[in-house]
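One-letter residues, chain by chain:
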Amino acid sequence: MMPAPNKPERPPVTVEARCVRLLAKADDPASLAPTIERRTLSRAANEVLIEVKAAAVNPSDVKAATGLMAYAIFPRTPGRDYAGIVIDGPAGSIGREVFGSSGDLGIRRDGTHATHLAVDADVVVERPKNLSWEEAAGIGVPFVTAMEGFRRAGKPDKDETVLVMGVNGKVGQAAVQIASWNGARVIGVVRKREAYEGHANSNVEVIDASATDVATRVRELTDGNGADIVFNTVGDPYFQAANKSLALRGRQILIAAIDRVVQFNILEFYRGQHTYVGIDTLGLSSTATGAVLRELAPGFAGGQLKPFPIKPSAIYQLEDAKRAFLAVAGSSRDRVILRPAGPG
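Here's what I pulled together on the structure shown here. Per chain, the residues get numbers from 1 upward, laid out in the order the sequence is written. Restriction of local features to residues with pLDDT of at least 70 applies here, the model being predicted, together with a cutoff of 80 or more for giving and counting side-chain atom pairs; totals for whole chains, interfaces and linings are based on all residues. Heavy atoms throughout the structure, all of them, feed into the side-chain values; hydrogens and water do not.

### A look at the overall build of the protein
The cut-off we apply is this: Helix and strand definitions follow DSSP, with helices as H or I runs of at least four residues and strands as E runs of at least two, each counted in order from the N terminus. In this setup the radius of gyration rests on C-alpha atoms only. A globule is expected at 2.2 Å times the number of residues raised to 0.38. Type-normalised accessible area, obtained with a 1.4 Å probe on protein chains alone, sets the label of each residue: buried when under 20%, exposed when over 50%, and partly exposed for intermediate values. Here the positive residues are Lys and Arg and the negative ones are Asp and Glu; neither His nor the chain ends is included. All charge positions are set by atom: Lys at NZ, Arg at CZ, Asp at CG, Glu at CD.
Helix and strand content of the protein: nine helices and 15 strands. Rg of the C-alpha trace for the protein: 21 Å, near the compact-globule value of 20 Å for 344 residues, within the 12% margin. In terms of principal-axis extent, the alpha carbons of the protein reach across some 75 × 60 × 35 Å. Considering the protein as a whole, with its 344 residues, one finds that 50% of them fall into the buried category. Computed over 41 positive and 38 negative side-chain charges, the inter-centroid distance for the protein is 1 Å.

Put into structure tokens, the structure is as follows:
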């Protein structure tokens, strides 16, 4: 008896997507001139087509739009983070509620600031049911950056102290959440007197860098030992304080820089047996980013990790993309979100 022929897959769905488009590099954020274009979009054989419910705006989106990333292409649709529903894809994928991020989306290829997005089927992650679309879209870059830093430096444990410099920034808050989720003691550094603003699974001691010598205070709080990990989200302004705060065999994670060159005491470095870890999530593929998000998802599902609060005033329609970009460029502490659904 002849076997029944395989049922042919139906042809890919084609949609007319509405997309934010950056046609050319802007000299500065105020000069940004995003347009809305309609573009025909469908998936390739190994991809899923997603109806985007929410997409975050990150500082890297603004930097790429203003020429600070030489490899960013123009014209393009910006956006790295997203959450949405799969409307077309391989068998069993349609209807999945997913979220994701990537180092190349919105930078080297068209990204998430659109009504629809096509990505490889194996890179999307199931959206935790306890998160809204906007909350899920806001996880991406900050939490991936923090988690990748700990993956590379070695995840902290209950016997270690983590010092987070720039603790109230989005990556700083993500680092606090992940470190305290893993049982570590967390100390935060702020540049002016203020409390820690984010979620944590244990108490976070805060050092005001404007009033106290950071390294001296860290030593006082750790019986002279110092911090096992310093997560430096600011870069060179805290580089020396971070070094002086490190315990023997301590690790400093670096994700940013203002000035590219710093004074480096090589004797202090090797005598302390220190490790420096540089993290650039723009170098992570969609697949690598998906693996990080899958590791984080149980924490969100279980409540140990919390998404950033999304204020209604920080949610914008696609047509208001410039205002959203300017909010991020203006150092807004809000997690800024685009909601693609809107007038046709």
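### Observations concerning helix 9 (residues 321-329)
The test is simple: Summarising the geometry, the arc corresponds to the directions from the helix axis toward the C-beta atoms. We call two residues contacting when some pair of their heavy atoms lies within 4.5 Å.
Those residues of helix 9 that fall on the buried side of the exposure criterion are Ala-321, Ala-324, Phe-325, Ala-327 and Val-328. For helix 9, the angular spread of the buried residues around the axis is 155 degrees, confining them to a single face. Buried positions along helix 9 lie against strand 1 (15-21), helix 1 (59-65), strand 14 (315-317) and strand 15 (337-339). One or two residues past the end of helix 9 sits Ser-331, with phi positive at roughly 65 degrees.

### As for the packing of helix 3 (residues 140-153) against helix 4 (residues 170-181)
The criterion, for reference: For every element, the axis is a line fit to its C-alpha atoms; helices are fit only across the contacting stretch, and the angle between N-to-C directions ranges from 0 to 180 degrees. To sort the angles, those under 35 degrees are grouped as roughly parallel, those over 145 as roughly antiparallel, those from 65 to 115 as roughly perpendicular, and the leftovers as oblique. If you view the pair so one helix is near and one far, a crossing is left-handed when the near helix is turned anticlockwise from the far one by less than a right angle, and right-handed when it is turned clockwise. In the scheme used here, Gly and all other residues not listed as nonpolar or charged are polar, with Ala, Val, Leu, Ile, Met, Phe, Trp, Tyr, Cys and Pro taken as nonpolar and Asp, Glu, Lys and Arg as charged.
Closest axis-to-axis distance for the helix 3/helix 4 pair is 8 Å, and the angle between their directions is 50 degrees. Looking at the two axes, helix 3 sits oblique to helix 4. Between helix 3 and helix 4 the crossing geometry is right-handed. Contacts from Pro-142, Phe-143, Thr-145, Ala-146, Met-147 and Phe-150 in helix 3 reach Lys-170, Val-171, Ala-174, Ala-175, Gln-177, Ile-178 and Ala-179 in helix 4. Partitioned by chemical class, the residues of the contact of helix 3 with helix 4 number 10 nonpolar, two polar and one charged.

### Digging into the environment of Val-124
In this fold, Val-124 is placed in the loop between strand 6 (116-120) and strand 7 (125-126). For the pair Val-124 and Gly-100, spaced 24 residues apart in sequence, the C-alpha separation works out to 5.5 Å. In contact with Val-124, not counting residues within four places along its chain, are Val-48, Ile-50, Tyr-82, Arg-96, Val-98, Phe-99, Val-119 and Arg-294.

### Observations concerning the sheet that holds strand 8 (residues 161-165)
Where we set the bar: The pairing criterion is simple: DSSP has to find at least two bridges between the two strands.
Here six strands make up an open sheet; going across it, the order is 10-9-8-11-12-13 and the pairing parallel. Each edge of the sheet is formed by a strand with only one pairing partner; in this case those strands are strand 10 (204-208) and strand 13 (275-278). In this sheet, adjacent strand axes meet at a mean angle of 20 degrees when their direction is disregarded. Inspection of the sheet shows strand 9 (residues 185-190) paired to strand 10 by five bridges, in the parallel sense. The residue of strand 10 that forms the bridge with Ile-187 is Glu-205. Of the strands in this sheet, strand 8, strand 9, strand 10 and strand 11 (227-232) touch helix 4, which is tilted by about 170 degrees from strand 8.

### So, the environment of Val-48
Position of Val-48 among the secondary structure elements: in strand 3 (residues 47-56). Accessibility expressed as a relative area gives 1% for Val-48, which makes it buried. Once the C-alpha coordinates of Val-48 and Met-69 are considered, the two residues, 21 residues apart in sequence, prove to be 28 Å apart. The residues touching Val-48, leaving out its near neighbours within four places in the chain, are Arg-43, Val-86, Asp-88, Gly-89, Pro-90, Ser-93, Leu-117, Ala-118, Val-119, Asp-120, Ala-121 and Val-124.

### Let's talk about the side chain of Asn-58
For Asn-58, the position within the fold is in the loop between strand 3 and helix 1. For Asn-58, the contacting residues outside a window of four places in its chain are Arg-80, Asp-81, Val-141, Pro-142, Val-328 and Arg-335.

### A look at helix 4
Selection rule: To estimate how far a helix should extend, the number of its residues minus one is multiplied by 1.5 Å.
Along its 12 residues, helix 4 runs 16 Å from first to last C-alpha, staying within 8% of the 16 Å computed at 1.5 Å per residue. Summarising burial for helix 4: 10 of the 12 residues are buried, a large majority. Taken residue by residue, helix 4 has Val-171, Gly-172, Gln-173, Ala-174, Ala-175, Val-176, Gln-177, Ile-178, Ala-179 and Ser-180 as its buried positions. Elements that come into contact with the buried residues of helix 4 comprise helix 3, strand 8, strand 9, strand 10, strand 11 and helix 8 (286-302).

### Points about the pattern of salt bridges
Just so we agree on the cut-off: Any carboxyl oxygen of Asp or Glu within 4 Å of a side-chain nitrogen of Lys or Arg constitutes a salt bridge here.
For the coordinates displayed, the defined rule picks out 25 salt bridges. Note that Arg-96 is salt-bridged to Glu-126, the shortest N-O span being 2.4 Å. Residue Arg-96 is found in the loop between strand 4 (82-88) and strand 5 (97-100), and its partner Glu-126 is found in strand 7; the two are separated by 30 residues along the sequence. Given the relative accessible area of 23%, Arg-96 is considered partly exposed. Overall, Glu-126 belongs to the partly exposed group, its relative accessible area being 40%. Notably, a salt bridge pairs Lys-155 with Glu-295, separated by 2.0 Å at the nearest N-O pair.

### Details of the packing of aromatic side chains
Note the following rule: Ring geometry is summarised as follows: Phe, Tyr and Trp rings, the Trp one being its six-membered ring, pair when their centres sit within 6.5 Å, and such pairs are stacked at plane angles under 30 degrees, edge-to-face over 60 and tilted between the two.
For the structure on display, the rule yields seven aromatic pairs. An angle of 70 degrees between the planes, with centres 5.4 Å apart, marks the rings of Phe-150 and Phe-231 as edge-to-face. Residue Phe-150 is located in helix 3, and its partner Phe-231 is located in strand 11; the two are separated by 81 residues in the primary sequence. A residue is classified by how much of its surface remains accessible, and Phe-150, at 0% relative accessible area, is buried. Accessibility expressed as a relative area gives 0% for Phe-231, which makes it buried. Ring centres 5.6 Å apart and planes at 65 degrees place the aromatic pair Phe-239 and Tyr-276 in the edge-to-face group. Taken as a pair, Phe-239 in helix 6 (residues 239-245) and Tyr-276 in strand 13 lie far apart in primary sequence, 37 residues in all. Accessibility expressed as a relative area gives 7% for Phe-239, which makes it buried. Relative accessible area serves as the criterion here: at 27%, Tyr-276 is assigned to the partly exposed category.

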